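# Close look at the chain arrangement
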Amino acid sequence: MSDQIQELLNLVDNSLSVDGATVKVLDAAKFRKNIGKLVERSATASDSSAGWSRYLIRAAALELGVYAASIHELYLARGRGEVPMTFTTPAFNLRALSFHAASAMFRAANKINGGAFIFELARSEMSYTAQRPSEYATNILAAAVAEGFVGPVFIQGDHFQVSAKKYATDAQAELQAVRDLSIEAMAAGFYNIDVDTSTLVDIHLPTVAEQQALNCKLSSELSAFIRENEPAGVTISIGGEIGEVGTVNSTEPELRAYMDGYNAEMKKLAPGKPGLSKISVLTGTSHGGTVLADGSLAEVTIAFDVLRDLSRVARNEYGMGGTVQHGASTVAEENFNKFVQNEAIEVHLATNFTTMFFDNVPADFKKEMYAWLDVNSAGDRKPGMTDEQFYYKTRKNAVGPFKAKSYALPEEAKAKLIAAWEAQFDMLFNLLGVKDTKNM
């Protein structure tokens, strides 16, 4: 055994043993207590101890009954009417201190026997949070272990998106980048992937079918690639999207044009293989919300009838679980149960948890990050922007550069943040009907 591995075993008080490629848990309670030390090494080390930390965590997680899984079958069962429409699956983008945030989420889930919830990270977030799929997935699985959660854990690639600008410059290079990311993500345990080529929808073309044609073609090509490369025994849950968030609300003709075109392409590219489990639609929201001059957020109005009507088309005509709501972090709390009432299968939440991070870290640490933004994100300051608008729009850029310092925060500061996150998860799980979904 190498000195490096022995050092890592010492970090967890020798609660694990390693014999060749086999990792065994000798003392589960002791390992749960100390697993955060391996997480921090995984997240901040620049040598091979980061990879070995991930290996130890993931091997131990499997022995303790924690495993990455696909939500595909649950969603298709919803499409067949075999699963009640009593819940909407929340999908959370945990950008800062993802192990600590996920630990809070698993605690909230354990209180209510919750199982239908997703951890996700978008292509763009991997850059500014300095988290590649292997690190993020390890953090999530480690959090499950730390909190004694047992069973399937759903980790998702959110907005594996084709950039319209890069596609126009070099289409094949941009598509290959998404293919490469999909391979990397699946290897890490991302068994749920949202393919997003909706950036290429051209609303200036004369018919809806023509507008959606490139979106259909490319999303089916990427889906077929995923099916060809998904792990044996796993059917990746793939989501499609019919329009970029923040534009005009989606319509039934758009959904049908996209799905008919997508399914026709899939029959040619991957005959007999499953297609989509869900579809993202536009209902009037935008990612991060619209921030006003004083730093407050503009009120969001969601077209819940669009979610409901398109979910019914998605289920009844195409066998999917239903529609997905993006950009919902800024929705008023009293409206969250409307996602369940209007039959949405999934809702994505990110910005508010970043906001809570900045609102709950020590003031001097926040000041240091904002000073960094003044220099390193100065190019994002638009004419007429107030400081409040500038920091709200750019502060996510400080997450990655300050990752190590975030881990090094005093325990009492992290405890305050985790408690705030847990209370938010408690509230959202209740409003979204997550209680007892573990049985499903």
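Structure: above.
We now turn to the structure provided with this report. (Residues numbered from 1 in each chain as written. Predicted model: local features only at pLDDT ≥ 70, side-chain atom pairs only at ≥ 80, totals over all residues. Heavy atoms only, no water.)

### Focus: the nonpolar core
Among the nonpolar cores identified, the biggest contains 123 residues, and Leu94, Phe106, Phe119, Val153, Phe339, Phe357 and Trp421 are the most heavily contacted of them. In this structure, Val153 is in contact with Val66, Tyr67, Ala68, Ala69, Phe106, Phe119, Ile140, Leu141 and Ala144, ignoring residues within four places of it in sequence. With 13 residues, the next largest nonpolar core counts Leu74, Ala91, Phe154 and Ile345 among its residues. (Core = buried A, V, L, I, M, F, W, Y, C linked by side-chain atoms within 4.5 Å. Buried < 20%, exposed > 50% of the residue type's maximum accessible area, 1.4 Å probe, protein only. Contact = heavy atoms within 4.5 Å.)

### Some details on the packing of aromatic side chains
The geometry of an aromatic ring pair is captured by two quantities: the separation of the ring centres and the angle between the planes. With the rule as written, the count across this model stands at 22 aromatic pairs. Ring centres of Phe106 and Phe149 lie 4.8 Å apart, and the angle between their planes is 45 degrees; on these two criteria the pair is classed as tilted. Of this pair, Phe106 sits in helix H5 (residues 98-112) while Phe149 sits in the loop between helix H7 (133-146) and strand E6 (151-161), and the two are 43 residues apart along the sequence. Both residues of the pair, Phe106 and Phe149, belong to the buried class. Pairing Phe365 with Phe402 gives two aromatic rings, centres 6.0 Å apart and planes at 75 degrees, and the pair type is edge-to-face. Pair noted here: Phe365 is in helix H15 (residues 363-376) and Phe402 is in the loop between helix H16 (387-394) and helix H17 (403-407), with a separation of 37 residues, a long-range link. Both residues of the pair, Phe365 and Phe402, count as buried. Through a chain of ring-to-ring contacts, the aromatic side chains of Phe92, Phe106, Phe117, Phe119, Phe149, Phe353, Phe425 and Phe429 assemble into a single cluster. (Phe/Tyr/Trp six-rings, centres within 6.5 Å; stacked < 30°, edge-to-face > 60°. Helix = DSSP H or I, 4+ residues; strand = E, 2+ residues; numbered from the N terminus.)

### Quick look at unusual backbone geometry
A positive phi angle is found at Asp13, which is not glycine, with a value near 60 degrees. Positionally, Asp13 belongs in the loop between helix H1 (3-11) and strand E1 (16-19). The class for Asp13 is partly exposed, based on a relative accessible area of 41%. Non-glycine residue His159 carries a positive phi angle of around 45 degrees. Tracing the sequence through the fold places His159 in strand E6. His159 gets classed as buried once you look at its relative accessible area, which sits at 9%.

### Considerations on the environment of Glu63
Within the secondary structure, Glu63 is located in helix H3 (residues 49-63). In this structure the C-alpha to C-alpha distance between Glu63 and Ala28, which are 35 residues apart in sequence, comes to 10.0 Å. With near-sequence residues (within four places) excluded, Glu63 lies in contact with Val23, Lys24 and Val25. Among the polar contacts listed, one links the side chain of Glu63 to the backbone nitrogen of Val25, at a separation of 3.0 Å. (Polar contact = N/O pair within 3.5 Å; in protein donor to acceptor, adjacent residues only side chain to side chain.)

### Side note on the environment of Gly65
Residue placement: Gly65 occurs in the loop between H3 and strand E3 (66-69). Relative accessible area serves as the criterion here: at 22%, Gly65 is assigned to the partly exposed category. In this view, Gly65 contacts Val150 and Gly151; residues no more than four positions away in its chain are not counted.

### Considering the packing of helix H10 (residues 208-229) against helix H11 (residues 252-269)
The interhelical angle for the contact between H10 and H11, taken along N-to-C directions, is 40 degrees, at an axis separation of 8 Å. Taken together, the axes of H10 and H11 lie oblique to each other. Crossing geometry of H10 relative to H11 is assigned as right-handed. For the pair H10 and H11, contact is made by Val208, Ala209, Gln212, Asn215, Cys216, Lys217, Ser219, Ser220, Glu221, Ser223, Ala224 and Arg227 and by Pro253, Glu254, Ala257, Tyr258, Gly261, Tyr262, Glu265, Met266 and Leu269, respectively. Taken together, the residues of the contact of H10 with H11 sort by class into 10 nonpolar, six polar and five charged. (Axes fitted to C-alpha atoms, helices over the stretch in contact; angles between N-to-C directions. Parallel < 35°, antiparallel > 145°, perpendicular 65-115°, else oblique. Left-handed = near helix turned anticlockwise from the far one by under 90°. Nonpolar A, V, L, I, M, F, W, Y, C, P; charged D, E, K, R; others polar.)

### Some points on the packing of H11 against helix H12 (residues 304-318)
Packing of H11 against H12 brings their axes to within 10 Å, and their N-to-C directions diverge by 30 degrees. Judged by the angle between their axes, H11 and H12 are roughly parallel. In this structure, H11 crosses over H12, and the sense of that crossing is right-handed. Residue-level inspection shows Glu252, Leu255, Arg256, Met259, Asp260 and Asn263 of H11 in contact with H12, the latter providing Asp309, Leu310, Val313, Glu317 and Tyr318. Grouping the amino acids of the contact of H11 with H12 by side-chain chemistry returns five nonpolar, one polar and five charged.

### Things to note about the pairing of strand E8 (residues 237-241)
Look at any regular strand and the pattern is simple: side chains alternate between the two faces of the sheet. Among the five residues in E8, five count as buried, and that is most of the element. Both faces of E8 are covered, namely the face carrying Ser237, Gly239 and Glu241 and the face carrying Ile238 and Gly240. Two elements, strand E7 (residues 192-196) and E8, share three bridges in a ladder whose sense is parallel. Paired with Asp194 across the bridge in E8 is Gly239. For the handedness criterion, the β-α-β arrangement of E7, H10 and E8 is classed as right-handed. (Pairing = 2+ DSSP bridges. Right-handed = clockwise from strand over helix to strand, strands pointing away.)

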